[in-house]
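Descriptive structure summary
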Amino acid sequence: MREHDVVIVGGGLAGLRAAIEAGRGVDTAVVSKLHPLRSHTGAAQGGIAASLGNASRDSVEEHLFDTVKGSDYLCDQDAVEILVKEAPGNVYDLEHIGVVFSRTEDGKIAQRPFGGHSKPRACYAADWTGHTVLHTIYEQSLIAGLRFYDEWYALAIAMNDGACAGIVAMNIATGDIEAFHAKAVIFATGGYGRAYRITSNAYANTGDGLALVLNAGLQVQDMEFVQFHPTGLYQQGILVTEGARGEGGYLLNDKDERFMERYAKEKMELAPRDVISRAIQTEINEGRGIGGKDFVYLDIRHFGEEHIRESLPQIQDLVVNFLGVDPIKQPIPIQPTAHYSMGGIPTDVHGQVIFGPEREPVPGLYAAGECACVSVHGANRLGTNSLLEAVTFGRRVGIAASEFASEAKNVPFPEELLSQVKEDVDKLLGSTGKESAPLIRTELQETMTNLCGIFRKEADLRNCIEKVRELRERADDVGIHDRSRIFNTELIDVLETRNLLEFSEVIAVGAEARRESRGAHFRTDYPKRDDGNWLKHTLAWREKGGVVLDYKDIVITKYQPRERRY
Ligand SMILES: Cc1cc2nc3c(=O)[nH]c(=O)nc-3n(C[C@H](O)[C@H](O)[C@H](O)COP(=O)(O)OP(=O)(O)OC[C@H]3O[C@@H](n4cnc5c(N)ncnc54)[C@H](O)[C@@H]3O)c2cc1C
């Protein structure tokens, strides 16, 4: 059995920021299925938000209001207040540890406009922001001398009498499965875009943390809110940062119209993501996609070659390499792509995992970053607020977990869990079942995309739930060909597919129940927001194989809900 005071699952921005903080006080380890530098944070392009006011006058108050409005009023405003107040300090911290932000003429951190933000407040490093931030914070975590378990896959949360006692994880290189006994565990396992066919997310973004939490009998929150980013490369889903529109790029349909005029007259291409994704999908559905196909154009040609190469070099490479189109000379074919999960593991503002409408703490268990739901994004996240969330709440959760761990007594590790997990993996490795995990995963992605995507309705959602349940049953009979324990990527694929199935049903059940349209959740059969009945968070957990729902109040501090216009 391995012993640490704090174990952090996930080596992305949230996990590493938490680790550096926790490591100052107590013995801290990071368990990550990927080498930390391969975490999806490294793919972030456009920027990190803070009201520095370097490009125009700005204030914390405006950042707060934009975020609350962007969330379609479903966020918890106390958490958003912390996010926006701590933003400038956190961005300067990143600068001080060496993040090479792009600069203004007079040497300040440059800031570009982003959708839903009323002021230019995205701080960026060309279109390599996440890469730069992740590498810098990783250097710091090496300096801090933390213990890393790279390429270890977390399989289960150890609960003992309602408190967390650690995790069970597998060393992918050897197949050894071990218990990690800890006083506090922090989940920072990132998002789950891979539940959808067209996604901007990395292959590893399979929402494992959410599945583990559900398996442990705990809850997830607001899972029906799945963000579709408007500009994914056609058929690939790979992201073209909103920074491209922030810098003046625009969208065109088959008739060469800037169609956003019909959907968001004032903000046009800088309306929030939910609004623009629906606009693009409507153009496509009504036959105005390019050549009648399911894509439209993003045009940045007017920036000129020099500006494109300087401020969007990665985008230029991606478009040339994946579509064979040169954005300097041709418009870019794009379609909406599954991008971000607003929902996740419910926590308080210190990252402490909570349970039920009364927000009871689950001792020893914490979460931060994209897998958590604190909730600063409500029903729709504004671009650049997610890297900000990962650093802000990563830092806070690191402090909270280390304070807890320095005082708490060890909760005994439930030994039987380790044998159960080992048995389960042995069974999988010996299985000769007739089902194939990759096929089940593909069917799941098709199902979620077609029946629980940008536009939703009751009949589709019911079919979706039924189909996912059927896939869950079929997954019990999955066969494995590679029986070795060493770097068994087929085994990992099966485990990830099971995880995707575990929470995808929760997304669909939550979406079917929520009979209104809010933020990223749009019901064609209930197209209006309904504050009277639905201004509340969804809580979901599993009981006897089924999904159970409950609801809890949101926190309003300053801004009462209003109609959202852009
Ligand atoms: C293409 C793209 C561009 C983006 N651009 C921006 C942007 O410009 N600005 C912005 O604010 N946001 C952006 N986002 C969103 C933002 O990047 C993410 O929400 C954020 O980086 C998530 O950080 P994280 O630390 O929570 O998770 P991640 O960085 O995804 O890290 C998750 C970690 O969990 C580990 N893990 C997962 N499962 C397991 C398991 N079972 N066992 C062990 N370890 C596990 C992984 O190894 C990984 O280290 C973008 C996202 C994408 C996909």
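Here the structure is a predicted model, which means the values were calculated and not measured. (Residues numbered from 1 in each chain as written. Predicted model: local features only at pLDDT ≥ 70, side-chain atom pairs only at ≥ 80, totals over all residues. Heavy atoms only, no water.)

**Focus: the sheet that holds strand S10 (residues 220–221)**
With antiparallel pairing, 3 strands are arranged side by side in an open sheet as S10-S21-S22. Across the chains shown, the open sheet's two edge strands, defined by having one partner strand only, are S10 and strand S22 (546–553). With 2 bridges connecting them, S10 and strand S21 (residues 536–543) associate as antiparallel partners. If you follow Val220 over to S21, its bridge partner there is Ala540. Packed onto the sheet, helix H14 (residues 489–513) meets S10, S21 and S22 and runs at close to 55 degrees relative to S22. (Pairing = 2+ DSSP bridges. Helix = DSSP H or I, 4+ residues; strand = E, 2+ residues; numbered from the N terminus. Contact = heavy atoms within 4.5 Å. Axes fitted to C-alpha atoms, helices over the stretch in contact; angles between N-to-C directions.)

**Some words on the sheet that holds strand S11 (residues 226–233)**
Across the sheet, 4 strands lie side by side as S11-S14-S13-S12; this open sheet has antiparallel pairing. The open sheet terminates on both sides in strands that have one partner only, identified here as S11 and strand S12 (250–252). Each neighbouring strand pair of the sheet contributes to a mean axis angle of 45 degrees, computed without reference to strand direction. For strand S13 (residues 296–299) and strand S14 (residues 332–341), the ladder comprises 3 bridges, and the chain directions are antiparallel. Looking at S14, one finds that Leu298 is bridged to Ile332. Docked against the sheet, helix H7 (residues 273–285) engages S11, S12, S13 and S14, running at close to 60 degrees with respect to S11. Contacts between helix H9 (residues 313–323) and the sheet are confined to S11 and S14, with S11 contributing the most and set at about 75 degrees to the helix.

**Concerning the pairing of strand S7 (residues 152–160)**
Of all 9 residues in S7, 7 are buried, a share of seventy percent or more. As defined by bridge partners, S7 adjoins strand S8 (residues 163–171) across 8 bridges and the pair is classed as antiparallel. Residue pairing across strands places Trp152 opposite Asn171, the latter belonging to S8. (Buried < 20%, exposed > 50% of the residue type's maximum accessible area, 1.4 Å probe, protein only.)

**Quick notes on the nonpolar core**
Within the largest apolar cluster, 81 residues are counted, with the highest numbers of intra-cluster contacts made by Ile167, Phe187, Tyr196, Leu365, Cys452, Phe503 and Ile507. Among the nonpolar cores identified, the runner-up in size contains 55 residues, and Leu52, Leu83, Ile109 and Val391 belong to it. (Core = buried A, V, L, I, M, F, W, Y, C linked by side-chain atoms within 4.5 Å.)

**Some remarks on helix H4 (residues 129–143)**
Along its 15 residues, H4 runs 22 Å from first to last C-alpha, staying within 8% of the 21 Å computed at 1.5 Å per residue. Following H4 by one or two positions, Gly145 adopts a phi angle in the positive range, close to 70 degrees. (Expected span 1.5 Å × (residues − 1).)

**Considerations on the pattern of salt bridges**
If you walk through the whole model with that rule in mind, you get 58 salt bridges. Across the pair Arg273 and Glu242 runs a salt bridge whose closest N-O atoms are separated by 2.5 Å. Taken as a pair, Arg273 in helix H7 and Glu242 in the loop between S11 and helix H6 (243–246) lie far apart in primary sequence, 31 residues in all. Both residues of the pair, Arg273 and Glu242, belong to the buried class. Measuring nitrogen to oxygen at the nearest pair gives 2.6 Å for the salt bridge that ties Asp426 to Arg485. Highlighted residues: Asp426 in helix H11 (residues 415–429) and Arg485 in the loop between helix H13 (458–475) and H14, separated in sequence by 59 residues. Through salt bridges with shared partners, one network takes in Asp72, Glu224, Asp274, Arg278, Arg514, Glu516, Arg518, Arg529, Asp531 and Arg564. (Salt bridge = Lys/Arg side-chain N within 4 Å of Asp/Glu carboxyl O.)

**Structural notes on the packing of aromatic side chains**
The tally for this structure, following the rule as stated, stands at 13 aromatic pairs. One aromatic cluster is present, formed by Tyr149, Trp152 and Phe180 through successive ring pairs. Directly above the aromatic system of Tyr149 lies the positively charged group of Arg147, at a separation of 4.3 Å from the ring centroid. (Phe/Tyr/Trp six-rings, centres within 6.5 Å; stacked < 30°, edge-to-face > 60°. Lys NZ or Arg CZ within 6 Å of the ring centre and 35° of its normal.)

**A few points about the site of the ligand**
Close contacts around the ligand come from 37 residues, with His40, Thr41, Glu370, Ser386 and Leu387 the closest. Between the ligand and Ser386, the relevant distance is 2.6 Å, taken from an oxygen atom to a side-chain nitrogen or oxygen of the residue. Protein contact buries 98% of the 1000 Å² of open area that the ligand shows by itself. Every element with two or more residues in the shell around the ligand is listed here: helix H1 (13–23), strand S2 (28–32), S7, S14 and helix H10 (385–407). Its residues assigned to classes, the shell around the ligand comprises 14 nonpolar, 19 polar and 4 charged. (Near = heavy atom within 4 Å. Polar contact = N/O pair within 3.5 Å; in protein donor to acceptor, adjacent residues only side chain to side chain. Areas by Shrake-Rupley, 256 points an atom, 1.4 Å probe, with all protein chains shown as cover. Nonpolar A, V, L, I, M, F, W, Y, C, P; charged D, E, K, R; others polar.)

**Thoughts on the pairing of S14**
With 10 of 10 residues buried, S14 lies mostly within the body of the structure. Looking at chain direction, S11 and S14 are connected through 6 bridges and run antiparallel. Paired with Gly232 across the bridge in S14 is Gln335.

**Considerations on the packing of helix H2 (residues 60–70) against helix H3 (residues 77–97)**
For the pair H2 and H3, the least separation of the axes is 9 Å and the interaxial angle reads 135 degrees. Taken as axis vectors, H2 and H3 run oblique relative to one another. Viewed along their axes, H2 and H3 form a crossing whose handedness is right-handed. Together, Val60, His63, Leu64, Thr67 and Val68 of H2 and Gln77, Val80, Glu81, Val84 and Lys85 of H3 make up the contact between the two elements. By residue class, the composition of the contact of H2 with H3 is 5 nonpolar, 3 polar and 2 charged. (Parallel < 35°, antiparallel > 145°, perpendicular 65-115°, else oblique. Left-handed = near helix turned anticlockwise from the far one by under 90°.)

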